[in-house]
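Reading the structure
Chain residues, written in single-letter form:
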Amino acid sequence: MDFKRTLLLVIIIAVAVVYIADISGLLIKPGVPVANTSRLLAAAEVRNYQGEKLSSVTDFRENSIKGPQHVNMSNYRLQIGGLVTTPRSLTYNEVKVLPGYQKVVTLHCVEGWDATILWEGVKVSDLINTAGARPDANTVIFYAYDGYSTSLPLDYIENNDILLAYGMNNVTLPEDRGYPFQLVAEDKWGYKWIKWVTKIELSNDPSYRGYWEQRGYSIGGDTNRSFFT
Amino acid sequence: MKDRDVKRLVIWLLGGVTVIFLLSGFGITAPDLVIPLTLGVFSKSFSYQLHTYLWGPFLILLLLHIYLAQKKTPRH
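The sections below set out a description of the structure shown in this document. Since the structure is predicted, the reported quantities are computational estimates derived from the model, not experimental observations.

This part covers the overall build of chain A. Of regular secondary structure, chain A possesses five helices and twelve strands. Based on the C-alpha atoms only, the size of chain A along its principal axes is roughly 80 × 40 × 35 Å. In chain A, once contacts between residues fewer than 6 apart in sequence are set aside, the share between residues at least 24 apart is 66%. Accessible surface, chain A: about 11100 Å² in total, of which carbon and sulfur atoms supply 52%. Averaging the locations of the 22 positively and 24 negatively charged side chains of chain A gives two centres separated by 5 Å.

A word on helix H1 (residues 3-23) of chain A. An α-helix turns once every 3.6 residues. As a result, residues three or four positions apart point the same way. With 21 residues, H1(A) ought to run about 30 Å at 1.5 Å a step, and its terminal C-alpha atoms sit 30 Å apart, in line with that. Every buried residue belonging to H1(A) is among Arg5(A), Leu8(A), Ile12(A), Val15(A), Tyr19(A), Ala21(A) and Asp22(A), and all of these are buried. Check the buried side of H1(A) and you find it contacts helix H3 (44-70) of chain B.

Two aromatic rings, taken as a pair, are described by how far apart their centres are and by the angle between their planes. Residues and elements named next belong to chain A. Tallied over the entire structure, the rule returns 14 aromatic pairs over all chains. Arranged with centres 5.4 Å apart and planes meeting at 25°, the rings of tryptophan 212 and tyrosine 217 form a pair that is stacked. Given a relative accessible area of 15%, tyrosine 217 falls into the buried group. Through pairs of rings, three or more aromatic residues link up here, namely Tyr148, Trp189, Tyr191, Tyr211, Trp212, Tyr217 and Phe227. The ring of tyrosine 166 is capped by lysine 96, whose NZ or CZ atom sits 4.9 Å from the centre of that ring. Of note, arginine 215 hangs over the ring of tyrosine 211, and the distance from its end group to the ring centre comes to 3.7 Å.

The strands making up a sheet are joined through hydrogen bonds of the backbone, oriented either antiparallel or parallel. Residues and elements named next belong to chain A. The strand order across the open sheet formed by five strands is S4-S3-S12-S7-S8, and the pairing between neighbours is mixed. The sheet terminates laterally at strand S4 (88-90) and strand S8 (149-153), the two strands that pair on one side only. Taken pair by pair, the neighbouring strands of this sheet meet at an average axis angle of 15°, ignoring direction. As defined by bridge partners, strand S7 (residues 139-144) adjoins strand S12 (residues 197-203) across six bridges and the pair is classed as antiparallel.

This part covers the interface of chain B and chain A. In this complex, chain B contributes 16 residues to the contact, which on the side of chain A involves 20 residues. A combined buried area of about 1700 Å² lies between chain B and chain A, and 71% of that area is made up of carbon and sulfur atoms. Together, Tyr48(B), Trp55(B) and Tyr67(B) form the three largest contributors to the area buried by chain B at its contact with chain A, with a combined 36%. For the interface between chain B and chain A, the tally reads zero salt bridges. Where chain B packs against chain A, one counts three residue pairs in polar contact (both at pLDDT 80 or more). At 14 residues, H3(B) tops the list of elements feeding residues into the side of chain B that touches chain A. Its residues placed into classes, the side of chain B that touches chain A shows eleven nonpolar, three polar and two charged.

Parameters at a glance
- Residues numbered from 1 in each chain as written.
- Chains lettered and ligands numbered in written order.
- Predicted model: local features only at pLDDT ≥ 70, side-chain atom pairs only at ≥ 80, totals over all residues.
- Heavy atoms only, no water.
- Helix = DSSP H or I, 4+ residues; strand = E, 2+ residues; numbered from the N terminus.
- Contact = heavy atoms within 4.5 Å.
- Areas by Shrake-Rupley, 256 points an atom, 1.4 Å probe, with all protein chains shown as cover.
- Lys, Arg positive; Asp, Glu negative; His and termini not counted.
- Charge placed at Lys NZ, Arg CZ, Asp CG, Glu CD.
- Expected span 1.5 Å × (residues − 1).
- Buried < 20%, exposed > 50% of the residue type's maximum accessible area, 1.4 Å probe, protein only.
- Phe/Tyr/Trp six-rings, centres within 6.5 Å; stacked < 30°, edge-to-face > 60°.
- Lys NZ or Arg CZ within 6 Å of the ring centre and 35° of its normal.
- Pairing = 2+ DSSP bridges.
- Axes fitted to C-alpha atoms, helices over the stretch in contact; angles between N-to-C directions.
- Buried area = accessible area lost by both parts, 1.4 Å probe.
- Salt bridge = Lys/Arg side-chain N within 4 Å of Asp/Glu carboxyl O.
- Polar contact = N/O pair within 3.5 Å; in protein donor to acceptor, adjacent residues only side chain to side chain.
- Nonpolar A, V, L, I, M, F, W, Y, C, P; charged D, E, K, R; others polar.

This is the structure in structure tokens:
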């Protein structure tokens, strides 16, 4: 047997081994800790809500820009600023005392997968109201702990009761899913569902481009339209 | 099974897997086109599942195809 064919045979066997390991879940995806909080919380989550079957908190692919973030809660503040009358800086508990809401919403990722979850959180419009939006504000820009950002129209936030979630499937939002807060941008592609939110900024720039928008994804991000501009 | 039969089998399997691999890929990025084209069989989530699992068979068959092409078949 010549060298070329032996090498090919070795590669075939190696590919087969990697493939079997992959489909049996033995391979660890980069950036995902082995004992992530989602797996721990999965035992306590609800999987059915008013007759509707829910996905699991573990049914998400990890595709954040820098991997799961650990937010230091001792000095965490949710900043609300920009075109507001009174900029605010709220602790986790100060956000949670606002009226809470629950909603079953499906996240559609541009990669093709989706997850239907019972989200629990506060309305973003309630948060904005604590700071008071100035009349010229028309866009809400969200910033995350890992440097990610995205934007949504203020009208969309107000008219659709968009939530900033702190819980999913009746468990606290796991760290790898965006703890302390993830935006529930319903009817928008997954890249609009920003995790580890640290700042909400009101702006009058509807053409603001966040992380993926700068890389060619649409600013609107509607799921009934292509995610490319 | 003769060598020539094995080669032919690998070629047909590779061809089939390639078509499904491409179709499921487009089923993710262009579902509006693929869903009616496949009479609803390749839904977006099904395409995603399929595409995720097909990389192994595709690569193995492709390498096997190259391997068998290296093997000289005696000519009569």
